[in-house]
Amino acid sequence: MSDTKKLAIIATKGTLDWAYPPFILASTAAALGYETQIFFTFYGLQLLRKDLDLQVSSLGNPAMPMPMPVPVLAQALPGMQGFMTSMMKKKMASKGVASVEELRELSQEAEVKFIACQMTVELFEFDTKDFIGDVEYAGAAKFFEFAGEADISLYI
Amino acid sequence: MADFDQEFDASGLNCPLPILRTKKALGKMDSGQVLRVIATDPGSVKDFDAFANQTGNKLLSSGEESGKYVFLIEKA
C-alpha cells in the first residue's frame, strides 16, 4: 500500500517528561493508519528499558510548573529529583494520563517499529538484555531508509 | 432499541488514550456497526472529529450529555 502515510520519529531524550511525545505521537499516528517508526538514539535508548526508571528534573527547566516556588539551589538538593518525579507521576495519574509503559505497549501493539541506535548501545555499553523485545538494532542509514519515504519526520 | 452496537466509556482518560482505545474497540467490530464513546477529556471533541476524518470511520454524532462528551462512530 503505497498510499499509506508514514511517520518517522527520532527519540533522543531519556527523561520522564520527554518520554511522552514520541510514544503519544507514534501510537496516535498508528491509530490513524500511519506506518510509524521510532529511532531511539543517545538518551532516548533509556525509553526501551524493560524496567523504566525515568526521572524528571526542574533543574535547567524554568518552565516546569511547580506547586510552590523552590529556589534553584534548593532544587539541587539530594532527593529533590526523586520528589519531583513522584509528584509528576501522581499528577499524571490523577489526570488520567497514561504511563510511559502503557503508551509504549500500545505503540508496539499497533505495530510501531522500534529501532535502537547500535552505536549508542556500544558507546554507553548498554546490555540489550535490559531492553524490551521487538527492537531492531541498526544505524543512521537504516533510519533514512524509512525516513526518506516518510511524510513526516520528527526529531524529539 | 439502542442506536449503537457497543459502548466504550473513556471517562477519566486523557489524550491519546480515548482515541487509542476507541481504535482498538472498532477493530473488534464489523463494518457498519456503531460504537458509542463517552469521554471527559475536553480535547476529545476535536480529536474524534479528526480521527473520523483521517480513518474513514463516520462520526454520526458528537455532543454533550450531563457534562460528558458522547460520540457515535460508525465503523467504515
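Residues numbered from 1 in each chain as written. Chains lettered and ligands numbered in written order. Predicted model: local features only at pLDDT ≥ 70, side-chain atom pairs only at ≥ 80, totals over all residues. Heavy atoms only, no water.

Undergrad: Is there a simple way to explain the nonpolar core in this structure?
TA: Where a protein is soluble and globular, its nonpolar side chains tend to be buried together. Residues and elements named next belong to chain A. Counting residues in hydrophobic clusters, the biggest one holds 55 residues, and the most contacted among them are Ile38, Phe40, Leu48 and Phe114. Considering each element in turn, this core owes the most residues, eight residues, to helix α1 (residues 16–31). Within the second largest apolar cluster, ten residues are counted, among which are Ile10, Phe39, Cys117 and Phe146. (Core = buried A, V, L, I, M, F, W, Y, C linked by side-chain atoms within 4.5 Å. Buried < 20%, exposed > 50% of the residue type's maximum accessible area, 1.4 Å probe, protein only. Helix = DSSP H or I, 4+ residues; strand = E, 2+ residues; numbered from the N terminus.)

Undergrad: Sorry, what's going on with the sheet that holds strand β2 (residues 35–40) of chain A here?
TA: In any sheet, the strands associate via hydrogen bonds between backbone groups, in a parallel or an antiparallel arrangement. Residue and element names in this part refer to chain A. Judged by pairing direction, the sheet is parallel, and its five strands sit side by side in the order β4-β3-β2-β1-β5 without closing on themselves. A single partner strand is all that each edge strand has here, and the edge strands are β4 (135–138) and β5 (152–155). Adjacent strand axes in the sheet meet at a mean angle of 20 degrees when their direction is disregarded. Where β2 and strand β3 (residues 113–117) come together, four bridges link them in parallel fashion. Bridged to phenylalanine 40 within β3 is alanine 116. Across the face of the sheet, helix α6 (residues 140–147) comes into contact with β1 (6–11), β2, β3, β4 and β5 while running at roughly 150 degrees to β1. (Pairing = 2+ DSSP bridges. Axes fitted to C-alpha atoms, helices over the stretch in contact; angles between N-to-C directions. Contact = heavy atoms within 4.5 Å.)

Undergrad: Just checking my understanding: could you explain the confidence of the model for chain B for this structure?
TA: Predicted coordinates in areas of low pLDDT are best not read in detail. Taken residue by residue, chain B gives an average pLDDT of 94. The fraction at 70 or more is 97%. Overall fold confidence (pTM) sits at 0.91, and the ipTM for the predicted complex is 0.86. (pLDDT = per-residue confidence, 0-100.)

Undergrad: Please clarify how the interface of chain A and chain B should be interpreted in this entry.
TA: Accessible area lost upon the coming together of the parts is a frequently used measure of interface size. With 14 residues of chain A at the contact, the number on the chain B side is 13 residues. Taking both partners together, chain A and chain B bury about 1,100 Å²; carbon and sulfur atoms supply 62% of that area. Where chain A meets chain B, there are two salt bridges. Where lysine 24 of chain B meets glutamate 109 of chain A, a salt bridge forms, and the shortest distance between an N and an O atom there is 2.7 Å. Viewed at the interface, chain B and chain A are joined by five residue pairs in polar contact (both at pLDDT 80 or more). At the level of secondary structure, the elements contributing two or more residues to the side of chain A that touches chain B comprise α1 and α4 (100–109) of chain A. (Buried area = accessible area lost by both parts, 1.4 Å probe. Salt bridge = Lys/Arg side-chain N within 4 Å of Asp/Glu carboxyl O. Polar contact = N/O pair within 3.5 Å; in protein donor to acceptor, adjacent residues only side chain to side chain.)

Undergrad: How should the packing of α4 of chain A against helix α1 (residues 17–27) of chain B be read in this particular structure?
TA: When two helices pack together, their arrangement is captured by the angle between the axes and the distance separating the axes. For the pair α4 of chain A and α1 of chain B, interaxial distance at closest approach is 12 Å and the crossing angle is 35 degrees. Considering the relative orientation of α4 of chain A and α1 of chain B, their crossing is left-handed. Contacts between α4 of chain A and α1 of chain B involve Glu102, Leu103, Leu106 and Glu109 of chain A on the former and, on the latter, Leu17, Leu20, Arg21 and Lys24 of chain B. A breakdown of the residues in the contact of α4 of chain A with α1 of chain B according to their chemical character gives four nonpolar, no polar and four charged. (Left-handed = near helix turned anticlockwise from the far one by under 90°. Nonpolar A, V, L, I, M, F, W, Y, C, P; charged D, E, K, R; others polar.)

Undergrad: Help me out: how do you make sense of a negative patch on the surface in this one?
TA: Residue and element names in this part refer to chain A. The grouping of Asp51, Asp53, Glu101 and Glu105 at the surface amounts to a negative patch. Along the polypeptide, aspartate 53 turns up in the loop between β2 and α2 (72–75). For aspartate 53, a relative accessible area of 58% puts it in the exposed group. (Patch = residues over 30% accessible without salt bridge, like charges linked within 9 Å, V, L, I, M, F, W, Y side chains within 5 Å. Areas by Shrake-Rupley, 256 points an atom, 1.4 Å probe, with all protein chains shown as cover. Lys, Arg positive; Asp, Glu negative; His and termini not counted. Charge placed at Lys NZ, Arg CZ, Asp CG, Glu CD.)

Undergrad: Would you take a moment to explain the packing of aromatic side chains for this structure?
TA: The geometry of an aromatic ring pair comes down to the distance between the two centres and the angle between the two planes. All names here are of chain A. Under the criterion given, the structure shown has eleven aromatic pairs over all chains. Here phenylalanine 39 and phenylalanine 143 contribute two aromatic rings whose centre-to-centre distance is 5.6 Å and whose plane-to-plane angle is 50 degrees, an arrangement assigned as tilted. Of this pair, phenylalanine 39 sits in strand β2 while phenylalanine 143 sits in helix α6; the two residues are 104 residues apart in sequence, bridging distant segments of the chain. One aromatic cluster in this structure is built from Phe42, Tyr43, Phe124, Phe126 and Phe131. For lysine 13, the ring lying beneath its charged end belongs to tryptophan 18, and the centroid distance is 5.2 Å. (Phe/Tyr/Trp six-rings, centres within 6.5 Å; stacked < 30°, edge-to-face > 60°. Lys NZ or Arg CZ within 6 Å of the ring centre and 35° of its normal.)

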